[in-house]
Amino acid sequence: MAVRLVQRPGPAASLVIRGARVLDPLAGIDEVRDLVVRDGVIGGDPDGLEVVEAEGRLVVPGFVDPHVHLRTPGREDLEDIATGTRAAAAGGFVTIVAMPNTSPVVDTAAVLGALLERGEQEAAVRVGFLAAITVGQEGRELTEQAELAELGAVGFSDDGHPVADAEVMRRALQYQRITGLPLVLHEEDPSLSGRGVAHEGAVASRLGLQGIPSISESVAVARDAALAEYEGGWIHICHVSASETVEEIRRARARGVRVTGEASPHHLTLTDEAIASLDPARHKMNPPLREESDRLALVAALADGTIDCVATDHAPHDADEKEVPFEEAPFGITGLETAFAVCNTHLVETGALPLATLVRRMGADAAGVLGLPAPSLADGAVADVALIDPAARVVVGHEPFQSKSRNSAWLGEELRGRVELTIAGGRIAWRR
Ligand SMILES: [Zn+2]
């Protein structure tokens, strides 16, 4: 069984990026020099190749996003494979993994097969697909996991919904012995979340909004870590938002449980104070933005590796559907095009996170959580490269989004960092 990452065909890139800071923390590279890409591969003879002058720029292994919503099939008005992967390329991503909570849900070989075919024709960067853990993501009956794995699913997720029933989760973990693929978990106890729309705390109380408590997430993680320990399974925790959850992951790791975690740019940089805007297009997401103590715990966990990677949870929505009272709007914001600039501006430039750590957490470590190959700038590697001007000032939304949707938390905000060129799978996927 082999995971399938698909991308549309195109000519192999051949060029020399001249005089940039070449930074690949995993390969131990950090120096100002030229980077040669010949026939889609790193290294080789620079003679006769196009030269891209890149003084003052940064060259890093392209980013990997394990958590993206492409809204296909079913809501191509919000995003499709072509626009979602173009947004990814514009953000410096070379590989993205799409969530299966589409319409229909990716819970059969027929739906997954059709997506892989479309990806082969339309995807600007490599794209892989998760299949649902349960039929219809209803939490009752497991999907045909062996068959979906055979076809090339990256793993299994009911993202958007938790797997509320512990026995169903236990059986999904038992299936891992056959598929060997990760369970990618949206962690939430529905009985605790209730009809909440924002973090349960002082801000929600002040605004009169129903709260989602932090423990809704952390008790679910505690349960699944215990089940994974019992069954010897492999779990990855989506969009960690609360300090209690960080502690649960730490405790589980210390016991030897195979558990990884991701945090989104918004949870790493914003708090529930932001929802005072009462603008659901910008600030309504699930899990919700939490308190400063949670944010600081996430940043510390990303720095020390308890949180393995950044994942955007890119969630395109229509402006009309978001132009309703906060309580009624759908959850989620876009993230692919702004992820690096947000983290660079609010984490690296503030001194909270070294640049090299961010590059690892958005690249090799993000690939690792789903067992995907890490992008590398080492000689002989397939070219997966992002060329970035880290000092460029960008006002979000001033240039058109590549995504079909523009429900960004940072709309109108000035960020530092612009992706100028992305080479994905040896092909030029984005060029400003
Ligand atoms: Zn999601």
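Residues numbered from 1 in each chain as written. Predicted model: local features only at pLDDT ≥ 70, side-chain atom pairs only at ≥ 80, totals over all residues. Heavy atoms only, no water.

(A) Inspection of the coordination of the zinc ion at higher detail. Protein coordination of the zinc ion is provided by His67 (NE2), His69 (NE2), Asp159 (OD) and Asp313 (OD), with donor distances spanning 2.1 to 2.3 Å. Taken together, the four donor atoms coordinating the zinc ion span angles of 83 to 165° at the metal, a pattern that classifies the geometry as irregular. Within one chain, the residues serving as donors to the zinc ion are arranged as H-x1-H-x89-D-x153-D. Note that His69 is positioned in the loop between strand S6 (63–68) and helix H1 (81–90) and Asp159 in the loop between strand S9 (156–157) and helix H4 (166–179), a separation of 90 residues in sequence. (Donors = N, O, S within 2.8 Å, 3.2 Å for Na, K, Ca; no water. Tetrahedral: all angles 85-135°; square planar, octahedral: opposite > 155°, others 65-115°. Helix = DSSP H or I, 4+ residues; strand = E, 2+ residues; numbered from the N terminus.)

(B) Up close: helix H8 (residues 243–254). With 12 residues, H8 extends 17 Å between its outermost C-alpha atoms, agreeing within 8% with the 16 Å of an ideal straight helix rising 1.5 Å per residue. Looking at the buried positions of H8, the neighbouring elements they touch are helix H7 (214–231), strand S13 (234–237), strand S14 (258–263) and helix H11 (292–304). Within two residues after H8, Gly256 carries a phi angle of roughly 95°, on the positive side. (Expected span 1.5 Å × (residues − 1). Contact = heavy atoms within 4.5 Å.)

(C) Inspection of the nonpolar core at higher detail. Counting residues in each nonpolar core, the largest one holds 77 residues, and the members touching the most others are Ile96, Phe129 and Leu183. Aside from chain neighbours lying at most four places away, what touches Ile96 is Asp65, Val68, Leu70, Gly84, Thr85, Ala88, Val125, Arg126, Val127, Gly128 and Leu336. With 19 residues, the next largest nonpolar core counts Val22, Leu35, Ala383 and Leu421 among its residues. (Core = buried A, V, L, I, M, F, W, Y, C linked by side-chain atoms within 4.5 Å. Buried < 20%, exposed > 50% of the residue type's maximum accessible area, 1.4 Å probe, protein only.)

(D) Inspection of unusual backbone geometry at higher detail. Of the consecutive residues Ser103 and Pro104, the connecting peptide bond is found in the cis state with omega at 5°. Within the fold, Pro104 resides in the loop between strand S7 (93–98) and helix H2 (109–122). Here the amide bond leading from Asn286 into Pro287 is cis, since omega sits at 0°, within 30 degrees of zero. Mapped onto the elements, Pro287 comes out in the loop between helix H10 (280–283) and H11. Even without being glycine, His239 reaches a positive phi, approximately 25°. Inspection of the secondary structure puts His239 in the loop between S13 and H8. Using a relative accessible area of 4% as the deciding quantity, one classes His239 as buried. A positive phi is found at Asp313, a non-glycine position, where the angle reads about 55°.

Such coordinate-based values are descriptive only and should not be taken to indicate function.
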